[in-house]
There are 2 protein chains.
Amino acid sequence: MIIPSQIELAETHKRISGLINKTPVLTSHFLNKIYNADLFFKCENFQKVGAFKIRGAINTLLSLPTEKLVNGVATHSSGNHAAALALAARLLKSEAFIVMPKTAPEIKKKAVKGYGGKITFCEPTLEARETTCNRIVEETGAYFVHPYNNIDIVKGQATCAKEIFDSGFKLDYLIAPVGGGGLLSGSALSAFYYSPSTKVIGAEPKGADDAFRSIRDNKIYPSINPKTVADGLLTSLGEITFELIKKYVDEIITVGEDSIIRAMRDIWERMKIVIEPSAAVPLAVVLENQEKFKNKSIGVILSGGNIDLDNFNWNSN
Amino acid sequence: MIIPSQIELAETHKRISGLINKTPVLTSHFLNKIYNADLFFKCENFQKVGAFKIRGAINTLLSLPTEKLVNGVATHSSGNHAAALALAARLLKSEAFIVMPKTAPEIKKKAVKGYGGKITFCEPTLEARETTCNRIVEETGAYFVHPYNNIDIVKGQATCAKEIFDSGFKLDYLIAPVGGGGLLSGSALSAFYYSPSTKVIGAEPKGADDAFRSIRDNKIYPSINPKTVADGLLTSLGEITFELIKKYVDEIITVGEDSIIRAMRDIWERMKIVIEPSAAVPLAVVLENQEKFKNKSIGVILSGGNIDLDNFNWNSN
């Protein structure tokens, strides 16, 4: 694999910056006090589609030769990547074909439709998703966009951490959640070029710890039957993100569900912003490792804010 | 009553600005589209104590002669004013005695304690609150700070709207919720001086419409047995706020509970920020009067973000 250069990251950022939100970095005296650290929250919950995923989706579509876009783009996803690809396609006057499990939450279906994505429903298995998506790609000639195992996606996601460093924040640590690894490997690449003294940490739920085990054992484990409230972190690493994480990420730390809920609640209550459970996993890492992070300056990527308000109950989680 | 001058408002703002947050004005393409208007949200949910109330509390304490502060300050409140007065007292090295009904939500009690307020619990009636507060004022010599019927409180709350105009926003309408009327009358005063072409509207729940009726019939009605999810808007007007609203507010518009919940939900889901029900009442006014507000430029004061996450359920409201 050819590692993207610093110039490529800068070009990526320039390419997409007119089409994404430059999200703010927020701080909270309260949370600094409770967590004994200087926390800098990069608010991708305020990003277009409510999650960082739009960065990679737009970059990928802008990096394609025009003729690849004429038949549209396709993916299978039940989450933020689906909405991101639908919006990216609309912004670039293309079309998005989205394969979603029929059991996907209504709010996600609504979001994809709202951005003009053409949804095909399938059975809720990875096999059904892939078969259905392959069929649609054959029928339409659409270009398949993988949610994370794609270097243009990784370069897009890298712009999130780059914005933090561009704004002049000096961080001892930068913590990003890890599911498929697009955001984490992109964040680590940006730190490598723009803030080499910053240690980058992947935050993963204990109930979906395939990335932790994959890096520990130097082989990609599939994510089998993950159990966590962090519904954006259920996927396993891809070859590209695995290699980048091995090379540039300092460590992956896993956390329990109670800590994720506590961190999420602290952010809602104290910062008055809505984040999704996956976005709370990095702060849960700080919570469970207070000695390690004491008085450190820590960037925390709040990856998204898409949560189904009807079906989330603080008391039952 | 002597109406505060423009110079007094400017002095007030200068006096308190080092001790409060200058909260952002946020916009949302989505909400503009759904509501058919250009909406500018002044985010007092990001204010200290999570609500605009700190503005008035700090101004009042800073406007007192020092000798009035030596024995502390007192109030009775189950809501944001209690927390605001506690924090204001702490910031000014004074002490706050807060009388709260013993039935007040745990989260509110916790907040007041967190700011160092000394709580005395009483029965949940207005009479018990007043009796208990009077007793404490007698015993301690503390200075009583009314939550809204106090011209220094009104001047403090006026700085919220002033910040919107100072930032250069040109508004056809400015909508603020109305409970006791401190925020609404302050907002109207600021518009009168800083943006005379802006019409100021008070937003009130139908289930607590005493301000609407008071202005219509030109007499202050008490708020008897109000029924609304907007728990910050249960009080009746005071003489001071009544006079100011009559003079400077264009109209008061009442809205139903369903609209309040819908507006609150739209803000949480689309803007990814946490607001309390009372803060959603102005947007509910736009929702119920779409013809009136079509394509208008509207300032919406999001008055606060303090909500008990455990006890709020979207499905049962």
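Fair warning: this is a prediction, and the values are worked out from it, not measured in the lab. Counting from 1, residues in each chain are numbered in the order their sequence is written. As they are written, the chains are lettered A onward and the ligands numbered 1 onward, keeping that order. Local features are withheld for residues below a pLDDT of 70 in this predicted model, meaning they are given only at 70 or higher, and side-chain atom pairs are given and counted only at 80 or more; totals for whole chains, interfaces and linings count all residues. No hydrogens and no water enter the side-chain calculation; it runs on all heavy atoms of the structure.

Student: Help me understand the overall build of chain A in this model?
Tutor: A tally of helices and strands in chain A yields 14 helices and ten strands. Taking 2.2 N^0.38 as the reference for a compact globule, 317 residues should give roughly 20 Å; the C-alpha atoms of chain A span a radius of gyration of 18 Å, in line with that estimate. Taking the principal axes of its C-alpha atoms as reference, chain A extends roughly 55 × 45 × 40 Å. Buried residues in chain A amount to 59% of all 317 residues. In this description, accessible areas are obtained by the Shrake-Rupley approach with a 1.4 Å probe, and a residue is regarded as covered only by the protein chains that are shown. As displayed, chain A offers around 12700 Å² of accessible surface, 50% of which is attributable to carbon and sulfur atoms. For the purposes of this entry, the term helix denotes a DSSP run of H or I that reaches at least four residues, the term strand denotes a run of E that reaches at least two, and both are numbered from the N terminus. Throughout, radius of gyration means the C-alpha value; the globule benchmark is 2.2 Å times the number of residues raised to the power 0.38. Only protein chains enter the area calculation, which uses a 1.4 Å probe; residues under 20% of their type maximum are buried, those over 50% are exposed, and those in between are partly exposed.

Student: Even after reading the chapter, I still don't get the relation of the copies chain B and chain A, so can you show me in this structure?
Tutor: With an axial shift of 0.0 Å and an RMSD of 0.0 Å, the rotation relating chain B to chain A amounts to 180°. One copy is carried onto the other by what is essentially a two-fold rotation axis. The position closest to the rotation axis in chain B is occupied by the C-alpha of Ile273(B), lying 2.0 Å away. Comparing contact sets, 100% of the residues at the interface of chain B also lie at the interface in chain A, consistent with an isologous, same-surface contact. Least squares is used to superpose the copies, and the fit set is the C-alpha atoms of residues whose pLDDT is at least 70 in both copies. In what follows, residue pairs with any heavy atoms lying within 4.5 Å of each other are defined as contacts.

Student: How do you make sense of the packing of aromatic side chains when you look at a structure like this?
Tutor: Centre-to-centre distance and the angle between the planes together describe a pair of aromatic rings. Here a Phe, Tyr or Trp ring, Trp counted by its six-membered ring, pairs with any other such ring whose centre lies within 6.5 Å, and the pair is stacked when the planes are under 30 degrees apart, edge-to-face when over 60, and tilted otherwise. Per the counting criterion, the structure on display carries eleven aromatic pairs over all chains. Taken together, a centroid distance of 5.1 Å and an interplanar angle of 65° make the contact between Phe192(B) and Tyr193(B) edge-to-face. Among the aromatic residues, ring-to-ring pairing joins Phe192(A), Tyr193(A) and Tyr248(A) into one connected group. Seen from the ring of Phe30(B), Arg270(B) lies directly overhead, with NZ or CZ sitting 4.2 Å from the centre. The rule for a charge over a ring is simple: NZ of Lys or CZ of Arg within 6 Å of the ring centre, and within 35 degrees of the ring normal.

Student: I tried to follow unusual backbone geometry on my own but got confused; where do I start?
Tutor: Backbone geometry follows two general trends: most residues other than glycine have a negative phi, and most peptide bonds adopt the trans configuration. All names here are of chain A. At Val 49, a position not held by glycine, the phi torsion is positive, near 60°. Its relative accessible area of 9% is what places Val 49 among the buried residues. Here Asn 295, not a glycine, exhibits a phi torsion of approximately 60°, which is positive. Assignment of secondary structure puts Asn 295 in the loop between α14 (290-293) and β10 (297-302). The exposed category is assigned to Asn 295, whose relative accessible area is 60%.

Student: Got a minute to help me understand the nonpolar core in this structure?
Tutor: When a protein is soluble and globular, its nonpolar side chains tend to lie buried together. Grouped together as the largest cluster of nonpolar side chains are 84 residues, with contacts concentrated most on Trp268(A), Leu39(B) and Trp268(B). With sequence-adjacent residues up to four places away left out, Trp268(A) is seen in contact with Ile273(A), Val274(A), Ile275(A), Ile307(A), Leu309(A), Trp314(A), Trp268(B), Val274(B) and Leu309(B). Throughout, nonpolar core names a set of buried Ala, Val, Leu, Ile, Met, Phe, Trp, Tyr and Cys residues whose side chains join them through atoms within 4.5 Å. Membership of the second largest hydrophobic core comes to 30 residues, among which are Ala158(A), Ala188(A), Ala211(A) and Val249(A).

Student: For this particular structure, what's the right way to read the pairing of strand β3 (residues 73-76) of chain A?
Tutor: Put simply, side chains in a regular strand alternate between the two faces of the sheet. Residues and elements named next belong to chain A. Neither face of β3 is open: one carries Val 73 and Thr 75, the other Ala 74 and His 76, and all of them are buried. If DSSP finds at least two bridges between two strands, the strands pair. The sheet contact formed by β3 and strand β4 (residues 96-101) spans four bridges and is parallel. Looking at β4, one finds that Thr 75 is bridged to Ile 98. Once the chain exits β3 it traverses helix α5 (residues 80-91) before rejoining the sheet at β4, and the crossover so formed is right-handed. Judged from the two bridges that link them, β3 and strand β6 (residues 143-144) form a sheet pairing that is parallel. Across the sheet, residue Ala 74 finds its bridge partner in β6, namely Phe 144. If you view a crossover with the strands going away from you and the path from the first strand over the helix to the second runs clockwise, you call it right-handed.

Student: Help me understand the sheet that holds strand β5 (residues 118-122) of chain B, please; the structure alone is not making it clear to me.
Tutor: Paired through their backbone hydrogen bonds, the strands of a sheet run either parallel or antiparallel. The four strands lie next to each other as β5-β4-β3-β6 (chain B), forming an open sheet whose pairing is parallel. Lying at the two open borders of the sheet, with one neighbouring strand each, are β5 and β6 (143-144) of chain B.

Student: What exactly am I supposed to notice about the pattern of salt bridges here?
Tutor: Between side chains of opposite charge, a pair can form as their charged atoms come close. Each salt bridge in this description consists of a side-chain nitrogen of Lys or Arg and a carboxyl oxygen of Asp or Glu lying within 4 Å of one another. Taken as a whole, this structure holds 38 salt bridges over all chains when the rule is applied. We note a salt bridge from Asp231(B) to Lys108(B), for which the minimum N-O separation is 3.9 Å. A residue pair is termed long-range when its members are at least 10 positions apart, and Asp231(B) in the loop between α10 (210-217) and α11 (239-248) and Lys108(B) in helix α6 (residues 106-114) qualify at 123 residues. Looking at Asp231(B), the relative accessible area reads 40%, which means it is partly exposed. We classify Lys108(B) as buried; its relative accessible area is 10%. The closest approach of N and O atoms between Glu288(B) and Lys206(B), which form a salt bridge, is 3.7 Å. Pair noted here: Glu288(B) is in helix α13 (residues 277-288) and Lys206(B) is in the loop between β8 (199-205) and α10, with a separation of 82 residues, a long-range link. Judged by relative accessible area, which is 46%, Lys206(B) ranks as partly exposed. If you follow the salt bridges from partner to partner, you end up with Lys42(A), Glu44(A), Arg55(A) and Glu163(A) in one network.

Student: How should the packing of helix α12 (residues 257-271) of chain B against α13(B) be read in this particular structure?
Tutor: Residues and elements named next belong to chain B. In this analysis, axes come from line fits to C-alpha atoms, helices being fitted only over the stretch in contact, and the angle between any two N-to-C directions falls in the range 0 to 180 degrees. With their axes 7 Å apart at the nearest point, α12 and α13 run at an angle of 105° to one another. When the axes of α12 and α13 are compared, the pair comes out roughly perpendicular. Packed against α12, whose contacting residues are Ser 259, Ile 260, Arg 262, Ala 263, Met 264 and Ile 267, the element α13 presents Pro 277, Ala 280, Val 281, Leu 283, Ala 284, Leu 287 and Glu 288 at the interface. Its residues assigned to classes, the contact of α12 with α13 comprises ten nonpolar, one polar and two charged. By definition in this entry, angles of less than 35 degrees are roughly parallel, angles greater than 145 are roughly antiparallel, angles of 65 to 115 are roughly perpendicular, and the rest are oblique. In this classification, Asp, Glu, Lys and Arg are treated as charged, Ala, Val, Leu, Ile, Met, Phe, Trp, Tyr, Cys and Pro as nonpolar, and every other residue, Gly included, as polar.

Student: Any chance you could explain the interface of chain B and chain A here in plain terms?
Tutor: Often, the extent of an interface is quoted as the loss of accessible area upon association of its parts. Each side of the interface is counted separately: chain B has 20 residues, and chain A has 20 residues. Using a 1.4 Å probe, buried area is obtained as the accessible area two parts lose upon being combined, added over both of them. Counting each side, the surface lost to burial between chain B and chain A is near 1900 Å², with a carbon and sulfur contribution of 54%. The largest share of the area that chain B buries against chain A comes from Lys272(B), Leu309(B) and Asp310(B), three residues that together contribute 36% of it. The interface formed by chain B and chain A contains two salt bridges. One salt bridge connects Asp310(A) with Arg265(B), and the closest N-O pair in it is separated by 3.0 Å.

Student: How should I be thinking about the sheet that holds strand β7 (residues 173-177) of chain A in this particular structure?
Tutor: Residue and element names in this part refer to chain A. Taken together, the six strands give an open sheet; going across it, the order is β1-β2-β10-β7-β8-β9, and neighbouring strands pair in mixed fashion. Two strands lie at the open edges of the sheet, namely β1 (25-26) and β9 (251-255), each paired on one side alone. Where strand β8 (residues 199-205) meets β9, five bridges bridge the pair, whose relative direction is parallel. Looking at β9, one finds that Ile 201 is bridged to Glu 251.

Student: Before we go on, may I ask you to explain the side chain of Ser28(A) in this structure?
Tutor: Structurally, Ser28(A) is set in the loop between β1 and α2 (29-35). By the criterion applied in these results, polar contacts are pairs of N or O atoms within 3.5 Å in which, for protein atoms, one can donate a hydrogen and the other can accept it, and in which residues neighboring in sequence qualify only through two side-chain atoms. Within the structure, Ser28(A) has its side chain in polar contact with the backbone nitrogen of Leu31(A) (distance 3.1 Å).

Student: So what exactly am I meant to see when it comes to the environment of Ile252(A) here?
Tutor: Residues and elements named next belong to chain A. Topologically, Ile 252 is positioned in strand β9. The buried category is assigned to Ile 252, whose relative accessible area is 8%. Distance in space between the C-alpha atoms of Ile 252 and Gly 202 is 4.4 Å, their sequence separation being 50 residues. Contact partners of Ile 252, with chain neighbours within four places excluded, come to Val 178, Leu 184, Gly 202, Glu 204, Ala 211, Phe 212, Ile 215 and Ile 245.

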